[in-house]
Amino acid sequence: MNGHTVPSASSLQASGIQDAKTHLQSNPAIQDLDASKLTITRTTTLRPVPEPDSKEIWSVKACTDHMVMVKWTEDAGWHAPELKPYGPLTIMPTASCLHYATQCFEGMKVYRGYDGKLRLFRPDRNCARLVTSSLRVSLPPFDPVELEKILKAFLAVDGPRWLPKSRPGTFLYLRPAMIGNGEQLGVSPPSEVLLFILAVPWPDLSTSSPPGSPPKPPGLKLLASKDDTRAWPGGFGYTKVGANYGPSFGSQMEGRKRGYDQILWLLNNKQEHEVTEAGASNFFLVWKTREGRTEMVTAPLDSKVILDGVTRRSVLDLAKERLVEGSRYLAGEVGPVDVVERTLTMLEVEEAQREGRLVEAFVSGTAYFITPVSAINFKDEELDIPMGDGTSGHYAALLKQWLGDIMYGNVDHPWG
Ligand SMILES: *Cc1c(COP(=O)(O)O)cnc(C)c1O
């Protein structure tokens, strides 16, 4: 075997941390990831730091001065992590990831707070999710706590120059990734793996559009998928594996051509038209039930079709805590909501729209943060979604404010 066993679907439901621990106990000979072994080689040629909201930021290729690399081999496990100057990788044409999509990744951000501190947002969740994703494509697990330490060590080097204290309220995007590597072309799990981390300035997709492009009206326009399915029960939609994204770009391009920002991925398109998620973000709908209660609905995790978004989870947690009867956070248009994770169909959305019961919709994710939705094209008909004061639904605006306050240190919170 490959030095690690592929867990059953049910054991994958356990947290990544538990998976990693079980794996180590059953394989005492191989080394786990160990942040204390990190070696640091600093660059001698610093790369230019782009100006906020510049063309270079929108190019999403101005990576920071350094990167982290960690090798895994079947016989030794995880080697010592290296922090070194950013630059190309050398891999053989036979490398597993180039043929069999043995690849997975994470997307997270580091924020420069208004209090001058650098913050990650719930990095334990991202690190654990990378373990879940890696196991789905037979890549080796690791202790996610060590990855979190490595991320912090990386940011201690590149953070100060790339997110200067003079620019509070800015962020860098972090991309930890794992690829199957090695020289053997056999159709089997790789005997060598590379984990690497890079950081890159990323545009604020929730507020701005590229320099020189005409300003866009607020709110995303979504095109509901028709023939194309992103993920299905028993598949791998719940993981951030590269194989989920390449096949979705065709629909995305078609949507863009027709004036839509993202695809709203539906499932069971012959019958129920279940709403799953939007682009690479989770989807939320707020509506009134026939009984007059306000519900905040998002797709459930149990069929493992959608990604367990860190932002999604945080929205659910905050809504359950703060959007309740008697809460000091309620005011004006913002009343208490019932937070519901359940299957939602486009037929229900259409009906609610006809009956005037839609309140608002928004997407959540690291890249798009919290962005309101203004319209959904379903079967070539455009459903208008209410947008509160015209720029955003009230719930979306409030959740965005709460999360932003945590990310940028305006309030003290265990997630930041
Ligand atoms: C990354 C991603 C999300 C959002 O997850 P966050 O952890 O909130 O960034 C949602 N859906 C898909 C398909 C994604 O790839």
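Keep in mind that what you see is a predicted model, and the values were worked out from it rather than measured. (Residues numbered from 1 in each chain as written. Predicted model: local features only at pLDDT ≥ 70, side-chain atom pairs only at ≥ 80, totals over all residues. Heavy atoms only, no water.)

A. Representation of unusual backbone geometry. Unusually for a residue other than glycine, H273 sits at a positive phi of about 55 degrees. When you line up the elements, H273 lands in the loop between strand 11 (262-267) and strand 12 (274-278). (Helix = DSSP H or I, 4+ residues; strand = E, 2+ residues; numbered from the N terminus.)

B. Expanded view of the nonpolar core. W78, F142, L147, L174, M178, L195 and I197 are the most contacted members of the largest nonpolar core, which has 35 residues in total. It is helix 6 (residues 144-162) that provides the largest number of residues to this core, a total of seven residues. For L195, the residues in contact, after removing those within four places along its chain, are V68, M69, V70, W78, F142, L147, A177 and M178. Membership of the second largest hydrophobic core comes to 26 residues, among which are F284, F369, Y395 and W415. (Core = buried A, V, L, I, M, F, W, Y, C linked by side-chain atoms within 4.5 Å. Buried < 20%, exposed > 50% of the residue type's maximum accessible area, 1.4 Å probe, protein only. Contact = heavy atoms within 4.5 Å.)

C. Quick peek at the domain arrangement of the protein. In terms of domains, the protein is made up of domain 1 (9-201) and domain 2 (220-407). Computed from C-alpha atoms alone, the centre-to-centre distance between domain 1 and domain 2 is 29 Å. In this complex, domain 1 contributes 23 residues to the contact, which on the side of domain 2 involves 24 residues. For the domain 1 and domain 2 pair, buried surface summed over both sides reaches about 1,900 Å², with 60% attributable to carbon and sulfur atoms. Three residues stand out in domain 1 for area buried against domain 2, namely F121, R129 and R136, and they jointly supply 32% of the buried area on that side. For the pair domain 1 and domain 2, the number of links is one salt bridge. A salt bridge links D317 to R122; its shortest N-O distance comes to 3.7 Å. Seen at the junction of domain 1 and domain 2, the total is nine residue pairs in polar contact (both at pLDDT 80 or more). Residue assignment for the side of domain 1 that touches domain 2 shows that the elements contributing at least two residues are helix 1 (9-13), strand 5 (103-105), strand 6 (108-112) and helix 5 (123-136). (Domains from an automatic or database assignment. Buried area = accessible area lost by both parts, 1.4 Å probe. Salt bridge = Lys/Arg side-chain N within 4 Å of Asp/Glu carboxyl O. Polar contact = N/O pair within 3.5 Å; in protein donor to acceptor, adjacent residues only side chain to side chain.)

D. Quick peek at the packing of aromatic side chains. Under the criterion given, the structure shown has 10 aromatic pairs. A ring pair is formed by Y111 and F171, whose centres lie 6.3 Å apart and whose planes are at 55 degrees; its orientation type is tilted. Taken together, the positions of Y111 in strand 6 and F171 in strand 8 (residues 171-181) put the pair 60 residues apart, joining distant regions of the chain. Accessibility assignment for this pair places Y111 and F171 in one class, buried. Here Y173 and W202 contribute two aromatic rings whose centre-to-centre distance is 4.0 Å and whose plane-to-plane angle is 20 degrees, an arrangement assigned as stacked. Of the two residues, Y173 sits in strand 8 while W202 sits in the loop between strand 9 (192-200) and strand 10 (220-224), which places them 29 residues apart along the sequence. Among the residues examined, Y173 registers a relative accessible area of 5% and is labelled buried. Members of the aromatic cluster, each reached through a chain of ring pairs, are Y111, Y114, F171 and Y408. The aromatic ring of Y260 is capped on one face by K221, whose charged end is 5.2 Å from the ring centroid. If you follow R322 out to its NZ or CZ, it ends over the ring of W402, 4.9 Å from the centre. (Phe/Tyr/Trp six-rings, centres within 6.5 Å; stacked < 30°, edge-to-face > 60°. Lys NZ or Arg CZ within 6 Å of the ring centre and 35° of its normal.)

E. Broad picture of the packing of helix 8 (residues 310-322) against helix 10 (residues 394-407). Interhelical geometry of helix 8 versus helix 10 gives an angle of 105 degrees and a closest axis separation of 11 Å. For the element pair helix 8 / helix 10, the angle class is roughly perpendicular. Counted together, T311, S314, V315, L318 and R322 of helix 8 and L399, W402 and L403 of helix 10 form the full contact between these two elements. Among the residues forming the contact of helix 8 with helix 10, the class breakdown is five nonpolar, two polar and one charged. (Axes fitted to C-alpha atoms, helices over the stretch in contact; angles between N-to-C directions. Parallel < 35°, antiparallel > 145°, perpendicular 65-115°, else oblique. Nonpolar A, V, L, I, M, F, W, Y, C, P; charged D, E, K, R; others polar.)

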